[in-house]
Structure formats: C-alpha cells, structure tokens
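Secondary and tertiary structure notes
The primary structure of each chain is shown beneath.
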Amino acid sequence: MIPSPDAVPVPPTAASGGPLRIVIAPDSFKGSLSATEAATALARGWRTVRPNDVVLTVPIADGGEGTLDVFSAAVPEAVRNTLDVTGPDGRRVTAGWLALPGGTAVVELAQASGLPLMADLDPLNAHTVGLGETIAAALDAGSRRILVALGGSASTDGGTGLLTALGARFLDAAGRPLPSGGGSLRSLTAVDLAGLRAVPPDSVRCLVDVDAPLLGPAGAAAVFGPQKGAGAAEITVLDAGLARLVEIMERAGAPTGLATLPGAGAAGGTAYGLAAALGAALVPGAATIADQAGLPAALAGADLLITGEGRFDHTSLAGKVVGAVSALAAGARLPLVVVAGQIAARPPAGGDALALADLAGGKAAAMAHPVHWLEQAGVLLARRNSDGVTRAVIRQP
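Given the structure is predicted, the values throughout are model-derived calculations rather than measurements. (Residues numbered from 1 in each chain as written. Predicted model: local features only at pLDDT ≥ 70, side-chain atom pairs only at ≥ 80, totals over all residues. Heavy atoms only, no water.)

What follows covers the overall build of the protein chain. Helix and strand counts for the protein chain come out as 14 helices and 13 strands. Relative to the globule expectation of 21 Å for 397 residues, the C-alpha radius of gyration of the protein chain, 22 Å, shows essentially globular dimensions. C-alpha extents for the protein chain along the principal axes are approximately 75 × 45 × 35 Å. Counting every position in the protein chain, which comprises 397 residues, the buried fraction comes to 54%. Taking the intrachain contacts of the protein chain between residues at least 6 apart in sequence as the baseline, contacts between residues at least 24 apart amount to 72%. In the form shown here, the protein chain has an accessible surface area of approximately 15300 Å², with 54% of it arising from carbon and sulfur atoms. On the protein chain, the mean spot of the 27 positive side-chain charges and the mean spot of the 33 negative ones are 3 Å from each other. (Helix = DSSP H or I, 4+ residues; strand = E, 2+ residues; numbered from the N terminus. Rg over C-alpha atoms; globule rule 2.2 N^0.38 Å. Buried < 20%, exposed > 50% of the residue type's maximum accessible area, 1.4 Å probe, protein only. Contact = heavy atoms within 4.5 Å. Areas by Shrake-Rupley, 256 points an atom, 1.4 Å probe, with all protein chains shown as cover. Lys, Arg positive; Asp, Glu negative; His and termini not counted. Charge placed at Lys NZ, Arg CZ, Asp CG, Glu CD.)

Right, dumping it as structure tokens:
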C-alpha cells in the first residue's frame, strides 16, 4: 500500500522549477530511532524549507528489528498479537507477530530471540526457542503462510531452538535431547522430526538480510559470531556444530546443497534450519518488504530518493535496506542520497551521502540527539534543492 502524500496537486518535474516529489525510505537507525521516526524527522526538516513539495515517507526494514512496524504501517488491516516467550538466554520476553489479511503471519526474530535481549553475551548457549514459540502461536491461530523476518539474532544454533519448540528433537549418542544453543551441536547424533509441526498450507518464507552461506570463513559463525561474543575458539566450535547439523539433517532426508545457498547463514543459521526442516524459501528481506510497503510504485514521478541507516559501510549494499533502495533508485534513474549516522564507505554509484556525525560535529553528539540532526539533514538537503533542481551534499570517506 502506497503512503498518502500531502494533499497538494501532482507536482511538475524538477526542471520546471515547481514543487518536487521526494520519497524518504530509510531503515531504522539501530539503537536510536525506528525507520518511521527517522523518515518523519527527515521529512519534517525538508518541509520547513520547501513546504509545497510532495514528501512521501516509506519506512523500510530488511528482516531485522522494526519489520513488524513496517508491515503494520503498510497494511492497515494487520492485527498485532503479543505473547510471552523464552528469550535467547532463557529469561521470559514479550514478542509479537502480525496477522495479515489472507492468513499470512509475520514473525520477527529480533523480538523473540534478538541480541539486545541478552543480559550477557553467550555465543555457545544462546538459542532461538522463543522464535519457535512465536511461530507456534501463529500456527495455532490458523495462519496459512508464515513470513519469518530473520535479523538481529543472538545465537548461532542453526535454528534448532525454534525447531525444538515446534516439536523436533535433536539427540546425542545416548538418545538424550541436546542442550539449547549452537555449542552443543558437535554432539548431535540424530534428529527426530516425527513430532514437528506440519508445514503451513501456503508455505514458510524467510526474509533474510544477508547473503552469507551457512559454513566456512564467509558463514554464520565466522562472520557474525564475533558480534554475538564469539572469539576464535567459539567460532570453531560453532562452525563445526553447524557442519554436523547439516550432516545429520541430510541423513534425515533434508535436501543437499541448502547450506551453500546465499542467506543460509542468516540469523546464525536459522535460515538453514527452516529451509532444511520446513522447506522454507529464502528471499531478500529488504526487497520483499520494500515491495510490500509500496516503494516501487511510490517512485513513479519522483525527483529524489532519500534512504538511510545508522552506519553506512561495506555491508550496507549486501542484502540491507540501503542496497535494495539503491537498486530501485538506479532502475528508476533517480538521484539518491544516503543519510547515515556515520559514513564508512563510498555511496552507491550515482548516489551521494550525508553523515549526521559531520553535521553534529561528532558521533556522540549525533547519537545524543538523532531526531534533531535528522531534521537538520532534511533542512540541508532541501536548501540544496531550493531552486527545484535535485542535488545533494557529498560526504565520502
């Protein structure tokens, strides 16, 4: 569904000097603002300089934190449900899922099994049980299709925690259930899927925010383990455990080759677990959510596209919101501006970048008052377009 613009006439093109059509489609500024809050602040700043422009805000997510909020904004008929589940370190947390028209449920890993929910980092024992409990609640409510937003995971358990919550059993040589967490997977000897919940009639889809495979130097443990507290020794344990999981799942009948799929390593291998046990399809989260939010249609007749995130770096174009939005800008031949707290890489070809840290005089100042500095970014960009010709401020490392 396309967000409604201000009630002003359809603007002439920028070349005519009339009002501009500006589309603002950021990700969340993690740790500071939601995508909706960031888009609103940028739009407010722009409108103080150019109040007659048509400014559309289209908040986007990539499958991580904030995905439910984006779907809620895009689908007014969505119904939010909440429940208490087992968090990634065993403590109870409150998670949510959305019921969309037509029987589709959207669940967000970050709410049930996300890294910020950990009292202390525990890379070997953190798990995804809460995500499985959330999916079970959606299935119990009659959902026919499950969209699983994967991003911001605290664990590297290959999705075994969530599958356990859905009825699977992962066993050691003595036939005992393994403890939760990726650290125990090296002892995996057998998997019992007899009690696993049935695949919903209209399938499971994983919205992934990375293109990493499951195993090896570019895989889940090596690339994302350090941010979850894993050192070199823990990474070796986790990668070996995931390799053992693949071996046992394939022995139990899972298709071969799933571990090498782009995105199989998403959320500590949760994408692999869902694909192997439930036949889930892996789809790019940012592009899928952008389409659901109506961003491609919103770009029709636009003069400038603004996106953003907390930190723009070399990973931003690989499965993240900025990468998906940049691709849409290139396809529509639109000028693009990336607004980020920090800029640590060159912007996409044909795009410009603006760092809030530059405006604020430092990272700490920008993070202390993110709404203010996003408004100021909107003001600055609007002033640069005050003659009706779209251009931006370049801030490149």
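This part is about the sheet that holds strand E1 (residues 21-24). Strands sit in the order E2-E1-E11-E12-E13 across an open sheet of five strands; the sheet is parallel. Both outer strands of the open sheet, strand E2 (54-57) and strand E13 (351-355), are each paired with one neighbouring strand and no more. Pairwise comparison of adjacent strand axes, ignoring direction, gives a mean angle of 20° for this sheet. As defined by bridge partners, E1 adjoins E2 across four bridges and the pair is classed as parallel. Note that in E2 the partner of Val23 across the bridge is Leu56. Docked against the sheet, helix H1 (residues 35-49) engages E1, E2, strand E11 (304-312) and strand E12 (336-343), running at close to 170° with respect to E2. Across the face of the sheet, helix H11 (residues 321-332) comes into contact with E11 and E12 while running at roughly 160° to E11. (Pairing = 2+ DSSP bridges. Axes fitted to C-alpha atoms, helices over the stretch in contact; angles between N-to-C directions.)

We now examine the pairing of strand E6 (residues 145-149). With four of five residues buried, E6 lies mostly within the body of the structure. Strand direction decides the pairing type here: strand E5 (residues 104-108) and E6, joined by five bridges, are parallel. Looking across to E6, one finds that Val107 is bridged to Val148. Of the pairings in the sheet, the one linking E6 to strand E9 (residues 204-208) comprises four bridges and is parallel in character. The residue bridging Leu147 from the neighbouring strand is Arg205, located in E9.

For H1, which comprises 15 residues, the first-to-last C-alpha distance of 22 Å matches the rise-based estimate of 21 Å (1.5 Å per residue) to within 8%. Among the residues of H1, Ala35, Ala38, Ala39, Ala41, Leu42, Ala43, Gly45 and Trp46 are the ones counted as buried. Taken together, the buried residues of H1 touch E1, E2, E11, E12 and helix H14 (370-384). (Expected span 1.5 Å × (residues − 1).)

On to the pattern of salt bridges, then. Oppositely charged side chains are able to pair whenever their charged atoms sit close together. Within the structure shown, the criterion is met by 13 salt bridges. The shortest N-O distance in the salt bridge between Asp27 and Lys30 comes to 3.6 Å. Residue Asp27 is classed as buried on the basis of its relative accessible area of 2%. Among the salt bridges present, the one from Asp209 reaches Lys320, with a minimum N-O distance of 3.4 Å. Residue Asp209 is found in the loop between E9 and helix H6 (220-224), and its partner Lys320 is found in the loop between E11 and H11; the two are separated by 111 residues along the sequence. This pair shows no difference in class: Asp209 is buried, exactly as Lys320 is. Members of the salt-bridge network, linked through shared partners, are Arg244, Glu247 and Arg251. (Salt bridge = Lys/Arg side-chain N within 4 Å of Asp/Glu carboxyl O.)

Where helix H7 (residues 232-251) meets helix H8 (residues 266-278), the closest approach of the two axes is 11 Å, and the angle between their N-to-C directions is 5°. By the angle class used here, H7 and H8 are roughly parallel. Contacts from Leu242, Leu245, Val246 and Met249 of H7 reach H8 at Gly268, Tyr272, Ala276 and Ala277. The residue makeup of the contact of H7 with H8, split by class, is seven nonpolar, one polar and no charged. (Parallel < 35°, antiparallel > 145°, perpendicular 65-115°, else oblique. Nonpolar A, V, L, I, M, F, W, Y, C, P; charged D, E, K, R; others polar.)

Spatially, the six strands line up as an open sheet ordered E3-E4-E5-E6-E9-E10, and their pairing is mixed. Two strands lie at the open edges of the sheet, namely strand E3 (79-86) and strand E10 (281-284), each paired on one side alone. Taken over all neighbouring pairs, the strand axes of this sheet differ in orientation by 25° on average, direction set aside. By the bridge criterion, eight bridges tie E3 to strand E4 (residues 92-100) in an arrangement that is antiparallel. When the sheet's bridge partners are listed, Asp84 is paired in E4 with Thr94. Of the strands in this sheet, E3, E4, E5 and E6 touch helix H4 (residues 129-140), which is tilted by about 140° from E3. Sheet contacts for helix H9 (residues 285-293): E9 and E10; angle to E10, the most-contacted strand, approximately 70°.

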